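Working through the structure, step by step
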Amino acid sequence: FGWDKFSLIGHSMGSGMCMIYSALYPEKVDSLIMIDLVKPVSRPADLFLHRTRESIDQMLSLEAKFTSMHGKVYSSEEEAYKRLMEGALQVNGENSVTEQSARIIMQRGVKQLEDGEGFVFTRDLRHRVGSLYGIHLDYQIEAASNLKCRHLLIKASDSSHYESDDLIETILDQYKKNPKFIYRVLEGNHHLHLNTPEVVIPVIQEFITETPSANL
């Protein structure tokens, strides 16, 4: 788009990607908003070979199993909806996504095939291969220390950190060195922005109001 500067907002793994980008290109990012992820998942050095090979094997398995990276074809939208809810339950626990939130996801997350013979999720299955996502903690500390932009981190009260409290605090300590960093813990689970937007939106609006140059 030719933008010289812009703002980023991400949820979960998307937050981690936004954080790393903001650290790599601090001159490009005006504001960073992260929802329910403090840091990308770390990978210790002793797991590097095993997890990297595992990731490659998963990718090859997907390519062998599916001709399209959209994955399984469902006979109806309702069948796809049931799979979405099963996945949410498996990954984030009971009631992690409300029916209303799931229906919203379905609006752009599921599409009918061009031949009309079934429905598929629009996401690319390769995003589910998460093993290559891990970054060594030392690199994450360096990245966190290089954040220069306005930075809002929203954490859900009922959601896991996915890693030990010590690792989380290590990164939070780096964030707090940035005078433009704001940390808010809000009531809700991992999908609080979908399930209870009335809780999340005012915090983001306040952040934007206090940072008038943000290009959100």
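Report follows, based on the coordinates. (Residues numbered from 1 in each chain as written. Predicted model: local features only at pLDDT ≥ 70, side-chain atom pairs only at ≥ 80, totals over all residues. Heavy atoms only, no water.)

Examining the sheet that holds strand β5 (residues 150–156)
To keep it simple, the criterion reads: When DSSP finds at least two bridges between two strands, those strands are taken to pair. Counting from the N terminus, the helices are the DSSP runs of H or I reaching at least four residues and the strands are the DSSP runs of E reaching at least two. Helix axes are fitted to C-alpha atoms over the stretch in contact, other axes to C-alpha atoms as well, and angles between N-to-C directions run from 0 to 180 degrees. What makes two residues a contact is simply this: any of their non-hydrogen atoms within 4.5 Å.
One open sheet accounts for four strands, arranged β1-β2-β5-β6; its pairing is parallel. Of all strands in the sheet, those bounded by a partner on one side alone are β1 (6–11) and β6 (181–186). With strand direction ignored, the average angle separating the axes of adjacent strands in the sheet is 10 degrees. For β1 and strand β2 (residues 29–35), the ladder comprises six bridges, and the chain directions are parallel. The partner of His 11 across the bridge, within β2, is Ile 35. Across the sheet, helix α8 (residues 197–210) touches β1, β2, β5 and β6, and the angle it forms with β5 is around 170 degrees.

Section: unusual backbone geometry
Only a minority of non-glycine residues have a phi that is not negative, and only a minority of peptide bonds are not trans. What counts here: Three labels apply to residues, based on accessible area from a 1.4 Å probe with only protein chains included: buried if under 20% of the type maximum, exposed if over 50%, partly exposed otherwise in between.
Unlike most non-glycine residues, Ser 12 shows phi in positive territory, near 60 degrees. Locating Ser 12 in the fold gives a position in the loop between β1 and α1 (13–24). Phi angles above zero are rare outside glycine, and Asp 36 is one such case at about 55 degrees. One can find Asp 36 in the loop between β2 and α2 (48–65). With relative accessibility at 0%, the residue Asp 36 sits in the buried group.

Some thoughts on helix α4 (residues 99–109)
Keep this limit in mind: An arc is given here, and it is the one of the directions from the helix axis to the C-beta atoms.
Ser 101, Ala 102, Met 106 and Gly 109 are the residues of α4 that are buried. Angularly, the buried residues of α4 cover 145 degrees about the axis, an arc narrow enough to put them on a single face. Opposite its buried face, α4 presents the exposed residues Gln 100, Gln 107 and Arg 108, each directed more than 90 degrees away. Next to the buried residues of α4 lie α3 (77–92), β3 (110–112), β4 (119–121) and α7 (192–195).

A word on the side chain of Lys 39
This is how it is decided: Pairs of N or O atoms are called polar contacts if they sit within 3.5 Å, as long as, within protein, a hydrogen donor faces a hydrogen acceptor (for residues adjacent in sequence, only side-chain-to-side-chain pairs).
Looking at the element boundaries, Lys 39 is found in the loop between β2 and α2. Accessibility expressed as a relative area gives 2% for Lys 39, which makes it buried. A distance of 2.5 Å separates a polar atom in the side chain of Lys 39 from a polar atom in the side chain of Ser 42. A polar contact of 2.7 Å, which involves the side chain of Lys 39, links it to the side chain of Gln 140.

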